[in-house]
Amino acid sequence: MKMTIRRKTHLIVAGAMLWLAVLACRIEPPKIVLQDTATPIVETEVITQVVTQIITPTPRPTNTPLPSPTPFPSPTPTWDPMSAPIYYPLPNCVASRLHIGDQAMVSWIGGPNAIRWGLDLHEDNILTYAQPGSILTILDGPWCSHGWIVWFVQMADGTRGFTPEGNGEEYWLVPLPRQ
């Protein structure tokens, strides 16, 4: 068979295009690299465990702190003693917050309160001193001595006597809440 020139031209052009495509893509065969050292073979061991007995865990004791002892109540009032209503029981005398039957505490601010054997607030009739924080029971009164309210009180140890509540500016006996 005779090929025409036109066909030959087409084949040559097609071949050239294929050759150009191959060159453009730079298709290279894969390179084979030989290593000088052999790859080590790792042997794998499989270890299994078989449960033969179930043991329930025993709880370990914890370092729980021992309960602290309950503190004794403080003689300091936990309420505002100045919130107790004031009244004027005697003319020409200062105001009071106390009544017969009340309990009062000797103020922490004023120092010890003198307990006297008489109503007069002189130094020569002092029996003892009620220390700050001491609890007194109001037994009788009030009386007015030198413009101060005076009450007949009993101390925790049973001592009885007269002591002032305050001078109108400072109060040395503060009421405790009624129970």
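In what follows, the structure referred to is the one given above.
Quick summary incoming for the structure in this document. (Residues numbered from 1 in each chain as written. Predicted model: local features only at pLDDT ≥ 70, side-chain atom pairs only at ≥ 80, totals over all residues. Heavy atoms only, no water.)

**Here's the deal with unusual backbone geometry**
Logical step 1: Cis peptide bonds are those with omega within 30 degrees of zero, and the linkage from glycine 141 to proline 142 qualifies with 5°.
Logical step 2: As for its position among the elements, proline 142 is in strand 4 (residues 135-145).
Logical step 3: Despite not being glycine, asparagine 92 shows a phi value in the positive range, around 60°.
Logical step 4: The residue asparagine 92 is located in the loop between helix 1 (5-25) and strand 1 (103-106) in this model.
Logical step 5: For histidine 146, which is not a glycine, the phi torsion comes out positive at approximately 60°. (Helix = DSSP H or I, 4+ residues; strand = E, 2+ residues; numbered from the N terminus.)

**Looking at the pairing of strand 6 (residues 160-166)**
Logical step 1: Burial within strand 6 is extensive, with six of its seven residues counted as buried.
Logical step 2: Of the strand pairs in this sheet, strand 5 (residues 148-154) and strand 6 are connected by six bridges, and their pairing is antiparallel. The residue of strand 6 that forms the bridge with phenylalanine 152 is phenylalanine 162.
Logical step 3: Where strand 5 hands over to strand 6, the hairpin turn is made up of five residues, of which glycine 158 adopts a positive phi near 100°. (Buried < 20%, exposed > 50% of the residue type's maximum accessible area, 1.4 Å probe, protein only. Pairing = 2+ DSSP bridges.)

**A short note on the environment of asparagine 92**
Logical step 1: By relative accessible area, asparagine 92 is classed as exposed at 78%.
Logical step 2: In the structure, asparagine 92 is positioned 54 residues away from histidine 146 in sequence and 9.6 Å away in space, judged by C-alpha atoms.
Logical step 3: Those residues within four positions of asparagine 92 in sequence are excluded, and the remaining contacts are Cys144 and Gly147. (Contact = heavy atoms within 4.5 Å.)

**As for the state of the cysteines**
Joining two cysteines, a disulfide is a covalent bond between their sulfur atoms.
Logical step 1: Inspection of every chain in the model, using the stated rule, returns one disulfide.
Logical step 2: At a sulfur-sulfur separation of 2.2 Å, the disulfide partner of cysteine 93 is cysteine 144. For the disulfide bridge between cysteine 93 and cysteine 144, the dihedral angle about the S-S bond is near 100°, and by the sign convention the bridge is right-handed. With cysteine 93 in the loop between helix 1 and strand 1 and cysteine 144 in strand 4, this residue pair connects regions lying 51 residues apart in the sequence. (Disulfide = S-S within 2.5 Å.)

**Considering the side chain of arginine 116**
Logical step 1: Within the secondary structure, arginine 116 is located in strand 2 (residues 113-116).
Logical step 2: For arginine 116, a relative accessible area of 9% gives the class buried.
Logical step 3: Apart from residues lying up to four places away in sequence, arginine 116 is in contact with Leu121, His122, Asn125, Ile126, Leu127, Gly161, Phe162 and Pro164.

**Some remarks on the packing of aromatic side chains**
Logical step 1: If you walk through the whole model with that rule in mind, you get three aromatic pairs.
Logical step 2: Ring centres 5.0 Å apart and planes at 55° place the aromatic pair tryptophan 148 and tryptophan 172 in the tilted group. Placement of tryptophan 148 in strand 5 and of tryptophan 172 in the loop between strand 6 and strand 7 (173-175) is noted, with a sequence separation of 24 residues between them.
Logical step 3: Using a relative accessible area of 30% as the deciding quantity, one classes tryptophan 148 as partly exposed.
Logical step 4: Among the aromatic residues, ring-to-ring pairing joins Trp143, Phe152 and Phe162 into one connected group.
Logical step 5: In this structure, arginine 97 packs its charged tip against the face of tyrosine 171, placed 5.2 Å from the ring centre. (Phe/Tyr/Trp six-rings, centres within 6.5 Å; stacked < 30°, edge-to-face > 60°. Lys NZ or Arg CZ within 6 Å of the ring centre and 35° of its normal.)

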